[in-house]
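So the chains spell out like this:
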Amino acid sequence: MASFPPPFSSFLLLLLLFLSSTISTTSLHPPSAEAGGATTVISPTKAPTKPTSPAPESPKTPSIPISSSTLDPKQIRALQSLNIPSKDPCSPNHNSTTICDSSKPFRHLISLNLSDCSDDVALSLTALKSLSTLTSLSFVNCPISPIHFPSELASNLRSFTCISSLKKLTGVWLSRLENVTDLTVSKVFVNASGPSIILNSIKKLHSVTISHANLTGVLPKHWHPNLTHVDLSGNQLKGTIPSSINVMEDLLVLDFSSNTLEGEIPDTIGDLSSLQNLSLSSNSLSGPIPDTITSLPDLVHLDLGSNSLNGTVPKFISELKKLKFLNLEKNNFHGILPFNASFFKRLEVFKIGGNDNLCYNHSTVAVKVKLGIAPCDKHGRPLSPPPAKDSSADDISSDDDYSSDDEDGSQKQSGHHGPNKVVLGVAIGLSSIVFLIIFLVLLSKCCK
C-alpha cells in the first residue's frame with residue numbers, strides 16, 4: 001500500500017471528517033421545500049395513551065322508554081319491532097323519520113320514513129295495525145318482503161313512496177291505496193297489465209310516478225283532470241299517446257320517456273297550457289312536431305330526442321320564451337335549422353346531433369358553437385357528412401372550455417416527481433470522496 005507524505009495525510013484526514021459531518025447534517029436536516037417543489041416530512045408516531053377505564057358498550061337497538069314518551073305505547077312497541085330507536089319520536093328535535101299529531105293524552109304517528117333498512121326489519125301485521133294513523137309512509141332502500149296493509153292503514157294513507165324497496169309489487173296491491181294523492185314507485189318491479197288498473201282505482205291522485213318498474217301494457221285512455229305530475233318513464237309501455245291527455249289542464253310534468261310508444265304526438269298536447277316539462281325521448285314516435293306546442297308558454301324542458309320524428313324543425317319553438325332545455329337529437333329531421341344566435345344564448349342545453357339530413361346556416365350561427373350537424377350549402381343541403389362525435393357534446397360551448405383545467409392539473413402533478421435532494425447530495429458527496437482518493441493516490445505516486 002502506498003504511503004502518503006505527512007501533509008497529504010493530514011489534509012486527507014481533515015477533508016474526510018468535513019465531508020462525513022456535512023453528509024450527516026444533510027441527512028438529519030433535509031432542506032425545506034422550495035417554490036414549486038414538494039418535500040415529504042415523516043413525523044414520529046406518538047405512543048397511544050392507555051385509557052383510564054374501558055368505555056361501556058352501547059346496545060345495538062336502545063329501547064324507547066314508554067313512560068317518558070308522549071307517543072301511544074302501542075306505536076312505541078311497533079317502532080321497536082322495526083328497529084327504530086329514539087328517546088321520544090314526537091320530540092321537536094327528532095329527525096324527519098317520524099312526525100306526530102297533537103292528540104291527547106297520547107300522540108299518534110302521521111308520517112313514517114323507513115330508509116336503508118337492515119336485514120332484520122320485518123313488517124308484521126300487528127305493527128302495521130298499530131300504525132294505522134299514518135297518512136304518509138315512505139320506503140327508500142328497504143328491500144324487505146311486502147305485506148298486505150290493514151284496510152284502515154290503506155284508507156288513511158295520502159302519500160306513499162316506494163323506491164328500491166319491497167322487492168316486488170302488483171297493480172292490485174297498489175290499487176288498494178284508494179285515497180292516496182301522491183304516489184311514487186321507482187326501481188321496483190310492478191306486476192300489472194298496465195297503469196290503468198292503478199290510476200283508475202286511485203281517483204284522488206295529484207302526482208303519480210311509476211318509473212323503472214318494468215310496467216307493461218298501454219297508456220290509459222281516461223285521465224284524472226286533477227293530475228299535476230305524471231311520470232311513467234323507463235317502462236315497457238307500448239301503443240300511442242292518447243289524445244285524451246288534454247283533460248289534465250293543470251299538468252306541470254309529463255314524462256313518457258324510455259318506453260316503446262309509437263305513432264304521432266297528438267295535437268291535443270297544446271291543451272296542457274300549464275305544462276313546464278315534456279319528456280317523450282327514447283321511444284319510436286314519428287311524424288312532425290305539432291305546432292300546438294306554441295300554446296305551452298311555460299314550457300322549460302322539451303325532450304323529444306331518440307325517436308323517429310321527421311319533417312323540418314319548426315321555427316315556432318324559438319317563440320317559447322321560458323325554454324331552457326331542448327333535445328331534438330337522433331331523429332329524422334331535414335332542412336335548415338331555423339334558430340339564430342340569440343335563441344342559443346337563452347338555452348342552457350341544446351342537442352340536435354344525429355339528424356343526418358339537417359344543416360345550419362353558418363352565417364347565423366357562430367363558428368364556436370358545436371351542434372353536431374353540418375353547415376348548409378347554397379341549396380340548403382348538408383355541405384358534408386356531420387362530424388363523427390359524441391352527441392352528448394352538443395351543449396353550446398367553445399372548443400377550449402376544458403383545456404385550462406387539464407393544463408393546470410398536469411402542472412400540479414409534475415411538482416411531485418424528481419429525485420430527492422437528500423439522496424442526490426449524498427451521492428455527490430460520495431462521488432467526490434472517491435474521486436479525491438484516486439487523485440491523491442496518483443499524486444503520491446508521482447511525488448515518490
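Structural notes on the pairing of strand S4 (residues 159-163)
Right, so step 1: Here S4 lies mainly inside the structure; four of its five residues are buried.
Right, so step 2: Between the parallel elements strand S3 (residues 136-140) and S4, the chain passes through helix H4 (residues 151-156) in a crossover that is right-handed.
Right, so step 3: Two elements, S4 and strand S6 (residues 182-186), share five bridges in a ladder whose sense is parallel. In the strand pairing of S6, Ile163 is matched with Ser186.

Considering unusual backbone geometry
Right, so step 1: Put simply, Lys104 and Pro105 share a cis peptide bond, and its omega is 5°.
Right, so step 2: If you trace the backbone, Pro105 turns up in the loop between strand S1 (98-100) and strand S2 (109-115).
Right, so step 3: A positive phi is found at Lys187, a non-glycine position, where the angle reads about 60°.
Right, so step 4: Following the sequence through the fold, Lys187 ends up in the loop between S6 and strand S7 (189-191).
Right, so step 5: Classification of Lys187 as exposed rests on a relative accessible area of 57%.

A look at the packing of aromatic side chains
Any aromatic ring pair is given by two values, namely how distant the centres are and how the planes are angled relative to each other.
Right, so step 1: This structure, assessed with the given rule, holds nine aromatic pairs.
Right, so step 2: Measuring from ring centre to ring centre gives 6.1 Å for Phe149 and Phe160, while their planes differ by 80°; the resulting arrangement is edge-to-face. You can see Phe149 sitting in the loop between S3 and H4 and its partner Phe160 sitting in strand S4, a full 11 residues away along the chain. Across the pair, exposure class does not vary: Phe149 and Phe160 are buried alike.
Right, so step 3: Between the aromatic rings of Phe339 and Phe343, the centroid separation amounts to 4.4 Å while the plane-to-plane angle is 40°, which identifies the pairing as tilted.

Quick look at the pairing of strand S20 (residues 357-360)
Right, so step 1: Looking at chain direction, strand S18 (residues 332-336) and S20 are connected through three bridges and run parallel. From the neighbouring strand, Ile336 faces S20, where its bridge partner is Cys359.
Right, so step 2: Pairing geometry for S20 and strand S21 (residues 374-375), over two bridges, is parallel. Paired with Tyr360 across the strands is Pro375, a residue of S21.

Analysis parameters
- Residues numbered from 1 in each chain as written.
- Predicted model: local features only at pLDDT ≥ 70, side-chain atom pairs only at ≥ 80, totals over all residues.
- Heavy atoms only, no water.
- Buried < 20%, exposed > 50% of the residue type's maximum accessible area, 1.4 Å probe, protein only.
- Helix = DSSP H or I, 4+ residues; strand = E, 2+ residues; numbered from the N terminus.
- Right-handed = clockwise from strand over helix to strand, strands pointing away.
- Pairing = 2+ DSSP bridges.
- Phe/Tyr/Trp six-rings, centres within 6.5 Å; stacked < 30°, edge-to-face > 60°.

Just geometry here; none of it tells us what the structure is for.
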